Amino acid sequence: MVMDVGERDGDGEDGGWENMGEDNGTKSPTDLVDETVSMIEYVARFGDYRRAQRKECYNLARRMKILLPFFDEIRHHGSPISHNCVASLSRLKKAIRLAMKLLKTCNEGSKIHLALESEAIMIKFHNAYVKLTQALEELPFDELEVSDEVREQIELMLTQLTRAKKRTDTQDIELAVDLMAVSSKTDERNADIAIVERLAKKLDLHTVEDLKIETIAVKKLSKERGSTAESIQQIIQLLNKFKQVLGMEITNVLDDTDTPQKLSKCHSLVIPHEFLCPITLEIMRDPVIVASGQTFERESIQKWFDSNHRTCPKTRQTLAHLSVAPNYALKNLITQWCEKNNFHLPKKEDQASSRKFFVDHEDEISCLVEQLSSSQLEVQRKAVKNIRVLSKENPEIRVLIAKHGAIPRLVKLLSYPDSKIQEHAVTALLNLSIDESNKRLITDEHAIPAIIEVLQNGSMESKENSAAALFSLSMLDENKVTIALENGIPPLVDLLQNGTIRGKRDAVTALFSLSLNQLNKVRAIEAGIVPPLMLLLEDKKLGMVDEALSILLLLATHAEGRHEMGQLSFIQTLVDIIKDGTPKNKECATSVLLELSSNNYSHILAALQFGVYEHLVQIAESGTNRAQRKANGLLQLMSKSEQIP
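Keep in mind the model is a prediction, meaning the values are calculated, not measured.

S.K.: Residue-level account of the overall build of the chain, with values.
M.R.: Assigned secondary structure in the chain consists of 35 helices and three strands. Out of the 645 residues in the chain, the part that is buried amounts to 51%. Of all intrachain contacts in the chain linking residues separated by at least 6 positions in sequence, the fraction that spans at least 24 positions is 70%. Working note: accessible area of the chain is about 29900 Å², and carbon and sulfur atoms make up 49% of it.

This is how it looks when you write it as structure tokens:
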């Protein structure tokens, strides 16, 4: 093999793989092969991936390992390798480096961050697929004298990559809507806790050790990620909610010696916590006081207000007004402390590149929004699809899309007979509705009746995303009523009964949110929600036992709901779950049985006949805290019965 002498990139973290620059033809074939193989082997050592992207990660890692025999043949290539081949190998190396960095993020990054940004992460996966496909298609197999067997493996890999590129939708809608539920400002705190617990389980953040590891990942993210401080705050708030469920102490995740050490000139210098803005967690230059009495950096709190927030970021209470007052006392203390410790306030980061990014996107978005009203069907279809994809990327893009007037036009497209336009439009509205201010804009455009129409008559994928959109909009309490009055509950129940697994998940989540409203409980019962919920309890393979029990618990607080559930077969099902279910299953089933039994003594007698007593005793001793309370409540009711064994 002919080798050109080239300089190696310096070793850094992970052997320097992430820091390798452009090859520009200076790398020798040997170096290119060795470095690329090392990156693939580095990926092969990853133990596991975050749940939100686990399937995609394993698929991508497996495909990368398919290339190892190819590189082994290149190593033993007997004749000189041309500059054209070296350039092709260099492009392949760049594609693999991109994939490796993505897999590394999904292996050790913050689970909450990866879930919140799951759609943006999926876009990165698709970008990795595109780059790998292009690099592999450009390989001169004949010139490299690749064997037929290896070539067939790579062609199979190309087929798999092409199939993967066609998947453009959210990987886990249920996860996305649960995140929206937990992040909402609903007053239904008990229901909110139930969703928090469910979400913690989905993200594998339901043990103390899990949360300790996640805390480290969040700290690292806050130092390294070039994102808005508000997104970091959202991650910290979710992390603290998970800690609260486990009874862990709630502290400021970043309030330790690691953060101020990075900000200070001297490793022994610790910045007083009260000097840090609660939003950015950076030392304040211009502290101001808001109506709640809390102090923030002026620029940060102004951005918060400009994003249509009317609450205090720290206390979450609604502010009487949005006026701010300079906190001169604190500013003087910060100045004195800086002078005493020879501490220089950090310079503001250059945001020119960030502004350019949004200016570029603003032009693109403006053009796409105009095309939504085009008289040409194909132009409309392409524009609404692009807006759907763009609206996945980040909160700022969602705001920009709404700012340019996309929402009214998207709502109009919901009634188009073209099924693809309809599907893209409802999914774009789902993505946009993640933003709190966009929820109101969508509602004000009377989108709810049109979304319900799609839920009733659209394609299965359109129905699924319509259900998810209704859930998102139902985070506004007034929309819970609107959705019900527009007859949105019956088609959700129908999707729960007859939809795909994904459709059932979307429907059950939306119905849970709607059933937080007392009147909606009756509407859901009248729409026939109880039988399909019972089917979910019986079919364990669907994995929706907790979701079904959570809704049944809400319905059991209403007389009509208790009447619908008051069958011996249902009581037996509850007892079976209390006996053999997961700890969370047992907790939910015990809660439902207690609600039923508190209003009808015959349910206690039936449960006793099915052998529930010994299982309740066991739960009272070793169940979750909530399960123990519910089990003890049932045991007290049963103590009045003569049929206790």
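Back to the text.
S.K.: Account for the sheet that holds strand S3 (residues 325-326), with residues named and values stated.
M.R.: Reading across the sheet, the three strands line up as S2-S1-S3 and stay open at both edges, with antiparallel pairing between neighbours. At either margin of the open sheet sits one strand with a lone partner, and together these are strand S2 (295-297) and S3. Two strands pair when backbone bridges link them, and strand S1 (residues 287-289) and S3 are joined in this way by two bridges, in the antiparallel orientation. Each bridged residue has a counterpart across the sheet, and for Ile289 the counterpart in S3 is Ala325.

S.K.: Any details on the nonpolar core? Residues and values, ideally.
M.R.: In terms of nonpolar packing, the biggest core is built from 100 residues, with Leu410, Ile529, Leu533, Leu549, Met565 and Phe570 touching the most fellow members. The element contributing the most residues to this core is helix H29 (residues 545-555), with eight residues. Val37, Phe46, Met64 and Ala95 belong to the second largest nonpolar core, which has 48 residues in total.

S.K.: Could you give an account of the side chain of Ser374, with specific residues and numbers?
M.R.: In this fold, Ser374 is placed in the loop between helix H16 (352-371) and helix H17 (377-390). A distance of 3.0 Å separates the side chain of Ser374 from the backbone nitrogen of Gln376, its partner in a polar contact. Sequence-distant contacts of Ser374, defined by excluding residues within four places in its chain, comprise Val379 and Gln380.

S.K.: Run through unusual backbone geometry, naming residues and quoting values.
M.R.: Excluding glycine, most residues fall at negative phi; most peptide bonds, likewise, are trans. With phi around 55°, His446 is a residue other than glycine that occupies positive phi space. Within the secondary structure, His446 is located in the loop between helix H21 (436-444) and helix H22 (447-457). For Asn487, which is not glycine, the phi torsion reads 65° and is therefore positive. Among the secondary structure elements, Asn487 is positioned in the loop between helix H24 (477-485) and helix H25 (489-498). With a relative accessible area of 43%, Asn487 lands in the partly exposed category.

S.K.: Just give me the short version of H24, but keep the residues and values in it.
M.R.: All of the buried residues along H24 are Asn479, Lys480, Ile483 and Ala484. End-on, the buried residues of H24 take up no more than an arc of 140°, which puts them together on one face. Contacts from the buried residues of H24 go to H21, H22, helix H23 (460-473), H25, helix H26 (501-514) and helix H27 (518-526).

S.K.: With reference to specific residues and values, describe the side chain of Lys111.
M.R.: As for its position among the elements, Lys111 is in helix H5 (residues 111-116). Asp210 is the oppositely charged side chain nearest to the buried, salt-bridge-free Lys111, at an N-O distance of 4.6 Å. Looking at Lys111, its side chain comes within polar contact range of the main-chain oxygen of Asp204, at 2.9 Å. Excluding residues within four positions of it along the chain, Lys111 makes contact with Arg50, Leu203, Asp204, Leu205 and Glu214.

S.K.: I'd like a description of the confidence of the model for the chain, backed by residues and values.
M.R.: Taken as a whole, the chain shows an average pLDDT of 79; of its residues, 81% reach a score of 70 or greater. In this model, residues 185-191 is a region of pLDDT below 50 whose contacts with residues beyond four sequence positions or in other chains number seven contacts. Across residues 349-354, where pLDDT falls below 50, the model places one contact with residues more than four positions away in sequence or in other chains.

S.K.: Provide a residue-level description of the pattern of salt bridges, including the pertinent values.
M.R.: Overall, the coordinates contain 17 salt bridges when judged by the stated rule. Two residues, Glu155 and Arg151, come together in a salt bridge whose shortest N-O distance is 3.8 Å. Placement of the pair is Glu155 and Arg151 together in helix H8 (residues 148-165), with a separation of four residues, close to one helical turn. Residue classification places Arg151 among the partly exposed positions, given a relative accessible area of 27%. With a shortest N-O distance of 2.6 Å, Arg440 and Glu478 are connected by a salt bridge.

S.K.: Describe the packing of helix H3 (residues 68-75) against helix H4 (residues 83-108), with residues and values.
M.R.: Remark: H3 packs on H4, axes separated minimally by 14 Å, with the N-to-C direction vectors making an angle of 150°. Remark: the crossing between H3 and H4 carries left-handed chirality. Counted together, Phe70, Phe71 and Ile74 of H3 and Leu89, Leu92 and Ile96 of H4 form the full contact between these two elements. Across the contact of H3 with H4, the residue classes break down as six nonpolar, no polar and no charged.

S.K.: Pulling in residues and values, what's your account of H27?
M.R.: Of all the positions in H27, only Asn520, Lys521, Ala524 and Ile525 are classed as buried. Down the axis, H27 shows its buried residues gathered within 140° of arc, on one side only. In this structure, H27 carries Leu519 and Glu526 as exposed residues pointing more than 90 degrees from its buried face. Among the residues of H27, the N-terminal cap falls to Asn517, whose side-chain oxygen and the backbone nitrogen of Leu519 are separated by 3.0 Å. Taken from the residues just after H27, Gly528 is the one with a positive phi, measuring 85°.

S.K.: Quick one: what's the story with the environment of Leu413, residue by residue and with numbers?
M.R.: Mapped onto the elements, Leu413 comes out in helix H19 (residues 406-413). Beyond its immediate sequence surroundings of up to four residues, Leu413 is in contact with Leu372, Gln380, Val384, Ile421, Gln422 and Ala425.

S.K.: How would you explain the packing of aromatic side chains if you had to name every residue and give the values?
M.R.: Under the definition given, this model contains four aromatic pairs. Measuring from ring centre to ring centre gives 5.3 Å for Tyr49 and Tyr58, while their planes differ by 90°; the resulting arrangement is edge-to-face. With a relative accessible area of 38%, Tyr58 lands in the partly exposed category. Pairing Phe275 with Trp337 gives two aromatic rings, centres 5.9 Å apart and planes at 75°, and the pair type is edge-to-face. Taken as a pair, Phe275 in the loop between helix H13 (258-263) and S1 and Trp337 in helix H15 (residues 328-340) lie far apart in primary sequence, 62 residues in all. Accessibility expressed as a relative area gives 5% for Phe275, which makes it buried.

Conventions used here
- Residues numbered from 1 in each chain as written.
- Predicted model: local features only at pLDDT ≥ 70, side-chain atom pairs only at ≥ 80, totals over all residues.
- Heavy atoms only, no water.
- Helix = DSSP H or I, 4+ residues; strand = E, 2+ residues; numbered from the N terminus.
- Buried < 20%, exposed > 50% of the residue type's maximum accessible area, 1.4 Å probe, protein only.
- Contact = heavy atoms within 4.5 Å.
- Areas by Shrake-Rupley, 256 points an atom, 1.4 Å probe, with all protein chains shown as cover.
- Pairing = 2+ DSSP bridges.
- Core = buried A, V, L, I, M, F, W, Y, C linked by side-chain atoms within 4.5 Å.
- Polar contact = N/O pair within 3.5 Å; in protein donor to acceptor, adjacent residues only side chain to side chain.
- Arc of directions from axis to C-beta.
- Lys, Arg positive; Asp, Glu negative; His and termini not counted.
- Salt bridge = Lys/Arg side-chain N within 4 Å of Asp/Glu carboxyl O.
- pLDDT = per-residue confidence, 0-100.
- Axes fitted to C-alpha atoms, helices over the stretch in contact; angles between N-to-C directions.
- Left-handed = near helix turned anticlockwise from the far one by under 90°.
- Nonpolar A, V, L, I, M, F, W, Y, C, P; charged D, E, K, R; others polar.
- Phe/Tyr/Trp six-rings, centres within 6.5 Å; stacked < 30°, edge-to-face > 60°.

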